[in-house]
Every structure is written in structure tokens, then in C-alpha cells.
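# A look at the structure
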Amino acid sequence: MNLQTRLKHLSLFVAAAMLAACGDATTEIVEKEPVVVPGDGHDHGDVSGAGRLLVTSKGSNQVNLYELEDNKLLATLGLTHEPAYLYASPTKRFAMLVERSDDLVEFIDGGIWQEDHGDHLHPYEQAPALVDFTLPGSRPTHVTMGEEQIAVFFDGDGQNGISASVAMFNEAHIGADSTDYPVHTFDTHMHGAAQARGESVFATLRDANTTSTLPDRIARFDAHGDHFHQEQVFDTLCPALHGSAQNHDAVAFACADGVVVISEENAEYSASKILNTEAFSEGMRIGTLRAHLEGEQFFGIAGTTVFVINPEAGEMELLDWQPHAEAKLLSLEVSLDGENLIILDSQGYLTLLSAHQHGDELHWELAHKLDISEADVALMPEGSRFEMTLSNEYIYIADPIEKHVVIVDRHEGKISGELALGFTPNKLTWLGIVGEADGGHVH
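These notes cover the structure that comes with them. (Residues numbered from 1 in each chain as written. Predicted model: local features only at pLDDT ≥ 70, side-chain atom pairs only at ≥ 80, totals over all residues. Heavy atoms only, no water.)

### Considering the environment of T288
To keep it simple, the criterion reads: Helix and strand definitions follow DSSP, with helices as H or I runs of at least four residues and strands as E runs of at least two, each counted in order from the N terminus. It only takes one pair of heavy atoms within 4.5 Å for two residues to be counted as in contact.
Structurally, T288 is set in strand β23 (residues 288-291). In sequence terms T288 and G300 are 12 residues apart; their C-alpha atoms lie 5.8 Å from each other. For T288, the residues in contact, after removing those within four places along its chain, are H242, F299, G300 and I301.

Next comes the structure, spelled out in C-alpha cells:
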């Protein structure tokens with residue numbers, strides 16, 4: 001049985017399980033009725049420019065969505081299982097909830113989006129809802145975004161002889177509950193990664209005879225209907241590969257000894273490696289990569305150390321983000337407009353760096369550093385940590401100690417308000433229209 005058939009069969013099984021366990025999967029819409037905005041696309045006062053915030057509850061399958069125009073609870077939705085990871089789709093309309101231990105990815109329509117009507121972009125607003133589209137598969141782990149395509153890498157399960165796989169789809173598949181997307185099954189399990197770029201996926205390969213679950217090779221696969229063809233295996237090795245990203249010019253994968261950069265010229269793809277610098281101590285490696293799709297740099301995270309990677313120059317350099325003593329880097333994100341790097345640490349400090357052009361080079365300078373929690377961080381609940389998500393203009397930080405979300409104005413570098421929750425938050429993501437001015441944070 002091929003993977004596509006297996007996915008469809010498992011999807012039917014999951015659907016049946018959801019019906020059988022409906023007492024554990026509840027949906028409750030509160031506060032507002034569904035609204036579809038009428039008009040000619042020029043009068044949009046009824047559409048929330050602030051967007052919506054989805055917050056998961058620690059130890060629960062329930063997720064809560066808040067209308068950020070007035071910080072009111074809009075909906076509580078029940079998933080099949082508790083999600084481990086949370087992502088937003090490329091346009092920020094859909095939330096992707098990864099239930100890794102239960103081999104399932106579920107999706108929620110945030111209810112705010114826009115369509116191109118030729119002479120204008122027409123916004124719509126309706127109630128959020130759990131959609132029918134799901135991704136069943138063994139150990140979904142890494143989710144990455146291209147300009148339109150989404151790649152989900154399933155690690156597989158070595159103990160049960162289930163190979164890794166990768167699926168590539170877009171928001172149209174999610175909205176239409178379509179299974180017409182390509183899937184590739186590898187010949188072994190691995191803790192891998194993939195990047196969707198146009199009709200291609202750049203994904204990892206692992207020798208089944210090795211003991212490590214981390215891959216060390218990268219291949220290009222081109223989509224053909226419901227499957228992929230392997231078109232190229234790059235000669236450049238990437239030992240202990242973990243972490244990937246893409247920007248305007250290239251795709252990058254993090255290795256134990258550096259970063260492999262794959263670039264295209266005249267429809268030909270080539271790989272090169274930027275080696276670790278002398279700033280790396282023994283055992284230190286980049287495990288996470290970040291980038292902006294319209295940018296030219298990559299940002300590599302190695303513990304609490306951040307490196308700015310310039311593929312064109314073939315260089316990486318330290319980023320002085322001035323971490324506090326004993327602080328661990330929890331999250332680094334690039335703002336939606338690419339103008340800021342935003343770092344959240346374990347001591348509750350938020351660091352904002354601004355981009356400045358010096359000649360032909362882009363540098364990052366400290367703009368703001370602020371303490372987002374008045375609580376003693378030693379009181380952090382076991383298994384919890386600060387988490388953040390970004391909208392166009394605001395930063396939202398979940399604080400499990402105080403059971404609230406702190407709202408930070410990115411441009412001012414100041415706390416502008418808070419959202420009380422009444423439960424211990426786990427993950428969160430912003431859903432709305434990218435590029436729209438946020439509003440509604442009056443407290």
C-alpha cells in the first residue's frame with residue numbers, strides 16, 4: 001500500500017475516531033455571530049485589522065480564539081488531541097496544529113482573509129472553525145512555509161518500521177479539503193526537514209545503515225500530480241542536519257560543521273557550504289535557521305548564540321544581541337515586514353534589533369530591550385515557557401506564570417496592553433491579513 005492510500009485510509013479512521021469521541025472534541029462559538037463582509041471592497045470598517053489570536057491550553061485539546069479588536073474571546077474549539085506545535089499558513093488565514101505524538105495535523109480557519117478582485121483586495125470576515133482537511137502521518141514534526149506552498153515532514157517511526165515522508169500543499173487544499181497534493185515516502189525513518197519552493201521540495205536523506213536518526217544529505221524532488229520524482233542529490237554533505245529555511249535567493253540547511261546553501265542559476269541548482277567560524281566551541285552547532293522570504297540573509301541559532309549568514313559573501317558572523325546572564329534563547333523571529341529581528345529569552349526579556357543598510361551590507365542594531373514579566377521566572381510551571389507570535393505591528397507573548405498574553409508595540413518597543421486568559425497558555429499564533437495596519441489595542 002503506497003503512502004497516499006495509507007494517508008486516505010488513516011484519514012477515514014481518524015474521522016471515525018473523532019465521531020466516536022465527540023464528547024472530547026467540543027466546539028463552542030461565543031460572543032459573535034458569523035459575518036461575511038458585503039460591499040465593493042472599499043468600505044471595510046467591519047473587518048478586524050487587528051486580526052485574531054489563537055492560544056492553546058496546556059494539557060488540553062481545547063484552543064481559544066480572541067478577537068484582537070477588543071480582546072474578547074470569540075470561540076473555543078476542540079481538537080482531536082492536544083497539539084505539540086502550532087504554525088500559521090503563509091497568508092495567516094489558517095492555523096496548523098501539529099499533534100505529533102498522535103500522528104495528526106489539524107487545521108483551523110481563523111475566519112479573516114482577503115481575495116484579489118482585480119482592482120482591489122476584498123477582505124472577508126467570518127467565525128473561526130475547525131476545517132475538514134487533516135494530515136495523518138507518522139510523527140509530523142517540521143512544518144515550513146514557501147511563498148504559497150507548505151511542506152510538512154513526517155519523521156516516521158523506527159521502532160514500528162514506518163518510513164519518513166513529506167507532503168506539499170497550499171491553502172487552497174486546506175479550504176477545499178482536497179487530497180490532490182503530492183507526497184513522497186523515503187526508504188527509512190529520520191528526523192528530517194523539507195522546504196517547498198515552487199513545484200519542488202528540497203528534503204533530507206538518511207542512510208538507513210547509520211545509527212543516527214539525523215540525515216546528512218539533501219535532495220531535490222519535483223512534484224508530479226500526487227507524488228514526487230527525485231531529480232537531484234547534492235554532493236555537499238550536511239552531517240547531523242537539523243533546521244532549514246529559505247529566503248528570496250536560496251534554501252539553507254544547518255549542519256554540524258556549517259550551513260549548506262542551495263541556489264539556482266539558469267534553472268540549475270547547486271549547493272555550497274559556509275563553514276562554522278572560530279566562534280564555535282567544541283560540540284556547538286546551529287540547530288535552527290530563520291529567514292525572511294524577501295530577504296537575503298539567514299539567521300542561525302546555536303544555543304544562545306546567533307549568527308547572521310550571508311550566502312552571497314559566503315560568510316557568517318556573530319550577532320551581538322546582548323543576552324542577559326543565565327538567559328536561554330527561546331525564540332527568534334523576523335518581523336513580517338523584515339525590518340526587525342525579535343528575540344525572546346527564558347528570563348522574560350524581549351530584544352528587538354533593527355535593520356540598517358551600510359553600503360552594500362545589512363547590519364542589525366539593538367533598538368529595544370524590555371522585561372515582559374514582573375513575575376519570578378522560577379515560578380514557571382513545569383514543562384512551560386514563554387512563547388511569542390507576531391502580527392504586522394504587535395508582538396504577543398504568552399506568560400504561563402501570570403496566565404495572560406503581553407502585547408508589545410513593535411515600533412515603540414513598549415508594552416501596550418495585556419490579554420487575561422484564565423488558563424495556562426501553551427502555544428499561540430496570530431491570524432489575520434498580512435500588511436494591514438493593526439488596531440484595537442486600547443486598554
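### Concerning the sheet that holds strand β27 (residues 329-334)
To be explicit about the condition: Any two strands with at least two DSSP bridges between them are considered paired. Helix axes use the C-alpha atoms of the stretch in contact, all axes being lines fitted to C-alpha atoms, and the angles between their N-to-C directions lie in the range 0 to 180 degrees.
Pairing within the open sheet is antiparallel, and its four strands lie in the order β27-β28-β29-β30. Strands at the two margins of the open sheet, each flanked by one partner only, are β27 and β30 (361-371). Ignoring which end each strand starts from, the neighbouring axes of this sheet average 20° apart. Relative to strand β28 (residues 340-345), β27 is paired through five bridges, and the arrangement is antiparallel. Along β28, the bridge assignment pairs S331 with L344.

### With respect to the packing of aromatic side chains
The condition that has to hold: Note on aromatic pairs: the rings of Phe, Tyr and Trp (six-membered ring only in Trp) are paired at centre separations within 6.5 Å, and the planes decide the class, stacked below 30 degrees, edge-to-face beyond 60, tilted for the rest. Burial classes follow relative accessibility: with a 1.4 Å probe on protein chains only, a residue under 20% of its type's maximum area counts as buried, one over 50% as exposed, and anything between as partly exposed. Note on criteria: charge over ring means Lys NZ or Arg CZ within 6 Å of the ring centre, with the direction from the centre no more than 35 degrees off the ring normal.
Summed over all chains, the structure comprises 13 aromatic pairs. On the numbers, 6.0 Å between centres and 65° between planes, the contact of F133 with Y181 is edge-to-face. Residue F133 is found in strand β10 (residues 129-136), and its partner Y181 is found in the loop between α2 (171-176) and β14 (183-185); the two are separated by 48 residues along the sequence. Ring geometry for F299 against W364: centres 5.6 Å apart, planes inclined by 80°, an arrangement best described as edge-to-face. One end of the pair, F299, is in strand β24 (residues 298-302); the other, W364, is in strand β30, and 65 residues separate them in sequence. Its relative accessible area of 12% is what places W364 among the buried residues. Counting every residue linked through ring pairs, the aromatic cluster contains F107, F133, F169 and Y181. The cationic tip of R93 hangs over the ring face of W113; the distance from NZ or CZ to the ring centre is 3.8 Å.

### As for the sheet that holds β10
With antiparallel pairing, the four strands of this open sheet are ordered in space as β5-β6-β7-β10. Edge positions in the sheet fall to β5 (85-88) and β10, since each of these pairs with one other strand and no more. Taken pair by pair, the neighbouring strands of this sheet meet at an average axis angle of 25°, ignoring direction. Taken together, the six bridges between strand β6 (residues 94-99) and strand β7 (residues 104-109) define a ladder with antiparallel strand orientation. From the neighbouring strand, V98 faces β7, where its bridge partner is V105.

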